Amino acid sequence: MNIALCISKFNYEFVEQIESSCFERLITLGVPEKNIRKFLVPGALELPIVLQKCAQSKKFDALIAIGAVIRGETYHFEVVSDTSSQGIMRVQLDYSIPIINAVLTTNNDEETQERVKVKGAEAADCALQILKTLAEI
């Protein structure tokens, strides 16, 4: 099983925790470290293009998008949240490859810190669960 982690560097103090817990959980679930690739992008809006390239490569069984978009005082939060989410879904459906959306969209740093504690492990669990389900079809 080969899995790509596509990771936004924006808000990396939070994202790094999601990345780390996801990676550790994948290892715990039996995915060999050599089968997990990491790709960094500047922000959530750049995730879909890297996910698309990963999907096109046909080297991966599942992809995990990791990031954190934290609400500010402008409309930019909605644009980034909605656009990145739509791009992730589009790649998933266009290429028929499971993509776990582990891009947090939160209201503040405190809420983000609370969610990063579980988001990475949840994403790893979801990736393996969806691969199992797809194999049954």
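Nothing here was measured: the structure is a model prediction, and the numbers come from that model.

Comments concerning the packing of helix α1 (residues 12-28) against helix α4 (residues 109-136)
When two helices pack together, their arrangement is given by the angle between their axes and by how far apart the axes lie.
(1) Moving on: Contact geometry for α1 and α4: axes closest at 7 Å, N-to-C directions at 25°. When the interaxial angle is binned, α1 and α4 end up roughly parallel. Seen along the crossing, α1 lies across α4 with a hand that is right-handed. Residues Phe-14, Gln-17, Ile-18, Ser-21, Cys-22, Arg-25 and Leu-26 of α1 touch α4, and the partners they reach there are Asp-109, Thr-112, Gln-113, Val-116, Lys-119, Gly-120, Ala-121, Ala-123, Ala-124 and Asp-125.

Here's the deal with the pairing of strand β3 (residues 62-70)
(1) Moving on: For β3, a buried count of nine out of nine residues is recorded, marking the element as mostly surrounded by other parts of the structure.
(2) Moving on: Residues Ala-62, Ile-64, Ile-66, Ala-68 and Ile-70 point to one face of β3 and Leu-63, Ala-65, Gly-67 and Val-69 to the other, with burial holding for every one of them.
(3) Moving on: Where strand β1 (residues 3-8) lies against β3, five bridges are found, and the strand directions are parallel. If you follow Leu-5 over to β3, its bridge partner there is Ile-64.
(4) Moving on: With eight bridges connecting them, β3 and strand β4 (residues 99-106) associate as parallel partners. The residue bridging Val-69 from the neighbouring strand is Thr-105, located in β4.

Overview of the nonpolar core
(1) Moving on: Core analysis: the largest hydrophobic core is formed by 25 residues, its most contacted members being Ile-3, Leu-5, Cys-22, Leu-26, Ile-64 and Ile-66.
(2) Moving on: Setting aside chain neighbours within four positions, we find Ile-66 in contact with Leu-5, Cys-6, Ile-7, Ser-8, Val-15, Ile-18, Glu-19, Cys-22, Leu-47, Ala-102 and Val-103.
(3) Moving on: By size, the runner-up hydrophobic cluster in this structure holds 20 residues, among which are Ala-44, Val-69, Ile-99 and Val-103.

Thoughts on the pairing of β4
(1) Moving on: For β4, the buried fraction is high: six of the eight residues fall into the buried class.
(2) Moving on: A crossover links β3 with its parallel partner β4, the connecting element being helix α3 (residues 76-95), and its sense is right-handed.

About the cut-offs
Residues numbered from 1 in each chain as written. Predicted model: local features only at pLDDT ≥ 70, side-chain atom pairs only at ≥ 80, totals over all residues. Heavy atoms only, no water. Axes fitted to C-alpha atoms, helices over the stretch in contact; angles between N-to-C directions. Helix = DSSP H or I, 4+ residues; strand = E, 2+ residues; numbered from the N terminus. Parallel < 35°, antiparallel > 145°, perpendicular 65-115°, else oblique. Left-handed = near helix turned anticlockwise from the far one by under 90°. Contact = heavy atoms within 4.5 Å. Buried < 20%, exposed > 50% of the residue type's maximum accessible area, 1.4 Å probe, protein only. Pairing = 2+ DSSP bridges. Core = buried A, V, L, I, M, F, W, Y, C linked by side-chain atoms within 4.5 Å. Right-handed = clockwise from strand over helix to strand, strands pointing away.

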